[in-house]
Amino acid sequence: MAGTTIEQKAIGLLNAFERAGKAVARISVEGRKIEIILSKPTPKDEYERIDMRHGKT
């Protein structure tokens, strides 16, 4: 019986990340190296990161 291939391991990691609620943007397999790039969460509100305080300056 042959062992699992590197591609099968990459798919297993992808499934594990997705079950954990992480969004995966890209997976690269190069030789025995697996690189997983996670997606950055997009802000729910376009003004979320802007300081909207008003008052004295």
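My aim in this report is to walk through the structure given alongside it, one point at a time.

## So, the environment of Phe17
No. 1: Topologically, Phe17 is positioned in helix α1 (residues 6-19).
No. 2: On the basis of relative accessibility, which here comes to 28%, the residue Phe17 falls in the partly exposed class.
No. 3: Along the backbone, Phe17 and Ile36 are 19 residues apart, and their C-alpha atoms lie at a distance of 9.5 Å.
No. 4: If sequence neighbours within four positions are ignored, Phe17 has contacts with Lys22, Val24, Ile36 and Leu38.

## Focus: the pairing of strand β1 (residues 24-30)
Two faces make up the sheet, and in a regular strand the side chains alternate between them.
No. 1: Direction of pairing for β1 relative to strand β2 (residues 33-38): antiparallel, over a ladder of six bridges. Residue pairing across strands places Val24 opposite Leu38, the latter belonging to β2.
No. 2: Between the end of β1 and the start of β2, which pair antiparallel, lie two residues, with Gly31 showing a positive phi angle near 65°.

Cut-offs used in this document
- Residues numbered from 1 in each chain as written.
- Predicted model: local features only at pLDDT ≥ 70, side-chain atom pairs only at ≥ 80, totals over all residues.
- Heavy atoms only, no water.
- Helix = DSSP H or I, 4+ residues; strand = E, 2+ residues; numbered from the N terminus.
- Buried < 20%, exposed > 50% of the residue type's maximum accessible area, 1.4 Å probe, protein only.
- Contact = heavy atoms within 4.5 Å.
- Pairing = 2+ DSSP bridges.

Nothing here speaks to function; it is all geometry.
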